[in-house]
Amino acid sequence: MTRAPTLPIHMRRNGFDPAPELSALRDAGGVRRVRTPFGVDAWLVTRFADVREVLSDPVRFSNARVSVDDRRRAGMPPMSEEEIARMRAGNLLALDPPEHSRVRRMLTPEFTVRRMRRLEPRIREIVDEHLDAMQRTGPPSDLVADFALPVPSLVICELLGVPYADRAEFQARTGRQLDLSLPVEERFRLAKESRAYMAELVGRAQAEPGEDMLGMLVREHGDELSTDELVGIAGLLLVAGHETTANMLGLGTLALLRHPDQLAIVRDEPERVDAAVEELLRWLSIVHSGTAKITTAGVEIAGQRIEAGEFVMLALPAANRDPALRDDPDRLDVTRGAVGHVAFGHGIHHCLGAPLARMEMRIAFPALLRRFPGLRAVGDEVEFRTFHIIYGLAALEVAW
């Protein structure tokens, strides 16, 4: 009989909140040795200041130094150093400087706030089209399937140059790939399938570059980026570009429905929407941890000595609910939203697509709430995606 997987402490939630044992860990020592989903021990860092310290120091806390031996002790399928290098190529989350800096420099101009503003009219069109479709079909509607997932998926597909007709296939594959309740061998197989799919798209772009981001990378940086790097870049942007914003839209809508006074502010006070988005990002913290780090030297965090070669994990939800960051941090208050949280990470790995995600949420939340002033969840039971690397909802049935 297969034993059910145990949810690691850094992924445990009580609805919208970090699990009580995670908050207790933060409020006690702040750092503790825990068992990871891969069956190896790691040091879990929970306090806001300590999390920022780790994220600020890619020299002592490496994203890239995962060796064959590290993979073996983490229970991952065997891979050679060459295979690891291919899988890591172009994936910003698996790179350290100077490689990280070289790749990110080519992408940063495409994700500036100014560049994202050019997309704003199209994003508004996409949002309105999906709201129109919901209205035509009538209630009830699954907000995740009908709005939260397709809106950012279509945006990132158009931006990257990925055929939107392929969305069902890549969304299903990604959803399973990020589900830690599945065997690691299956998730590894899905990762290979995703890579093969992206390699096909990159090949098309190399043969005939379009006006999308893949085409731009081939035209402007084709002699600087290997094919493996182009595949890694495209794969990361596709997954991150739809999974994160989709889960924020679904979970954020439920949070607002459960806090009607906050919902009214988002719906009726446009000048507060930016702050509301920041508060929802902080309060929900849908990315549990981000990439595990490996220490390159002996370090001390919150008085705890950690030797070189150890895994370090970050508890972003606990850090964003740290009383040192906000007064009364467990209360959702969209009027006080401010940058400074670590929902998008921090330092060199701060989310490249943050300006796009913010814009999508700034447009989508008010548009949804104004179109359906009587929006309500149907029933009291909600299925959270508990074992997913990115927290969210499996579905959200709504009526209006």
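Conventions we followed
- Residues numbered from 1 in each chain as written.
- Predicted model: local features only at pLDDT ≥ 70, side-chain atom pairs only at ≥ 80, totals over all residues.
- Heavy atoms only, no water.
- Helix = DSSP H or I, 4+ residues; strand = E, 2+ residues; numbered from the N terminus.
- Buried < 20%, exposed > 50% of the residue type's maximum accessible area, 1.4 Å probe, protein only.
- Contact = heavy atoms within 4.5 Å.
- Axes fitted to C-alpha atoms, helices over the stretch in contact; angles between N-to-C directions.
- Parallel < 35°, antiparallel > 145°, perpendicular 65-115°, else oblique.
- Left-handed = near helix turned anticlockwise from the far one by under 90°.
- Nonpolar A, V, L, I, M, F, W, Y, C, P; charged D, E, K, R; others polar.
- 1 Å grid on protein atoms, 1.4 Å probe; cavity = no way out; pocket = protein on both sides within 12 Å on 5 of 7 lines; lining within 4 Å.
- Points joined across faces, edges and corners; volume = space filled by probe spheres on them.

### Side note on the side chain of His-10
Here is step 1 of the chain: Position of His-10 among the secondary structure elements: in the segment before strand E1 (13-14).
Here is step 2 of the chain: The buried category is assigned to His-10, whose relative accessible area is 6%.
Here is step 3 of the chain: Discounting residues that sit within four places of it in the chain, His-10 has contacts with Leu-22, Pro-37, Leu-44, His-288, Ser-289 and Met-313.

### Considering the packing of helix H6 (residues 113-137) against helix H8 (residues 150-160)
Here is step 1 of the chain: Two elements in contact, H6 and H8, have axes separated by 10 Å at closest approach and are oriented at 140 degrees. When the interaxial angle is binned, H6 and H8 end up oblique. Viewed along their axes, H6 and H8 form a crossing whose handedness is right-handed. Every residue of H8 that contacts H6 at Leu-119, Arg-122, Ile-123, Ile-126, Val-127 and His-130 is listed here: Pro-150, Val-151, Leu-154, Val-155, Glu-158 and Leu-159.
Here is step 2 of the chain: The residue makeup of the contact of H6 with H8, split by class, is nine nonpolar, one polar and two charged.

### As for empty space enclosed by the protein
To find leftover empty space, one rolls a probe the size of a water molecule over the atoms.
Here is step 1 of the chain: Inspection of every chain in the model, using the stated rule, returns two cavities of 30 Å³ or more.
Here is step 2 of the chain: Taken as a whole, the second largest cavity holds about 40 Å³ of empty space.
Here is step 3 of the chain: Per-class residue counts for the lining of the second largest cavity are four nonpolar, three polar and two charged.

Keep in mind these numbers describe shape, not what the thing actually does.
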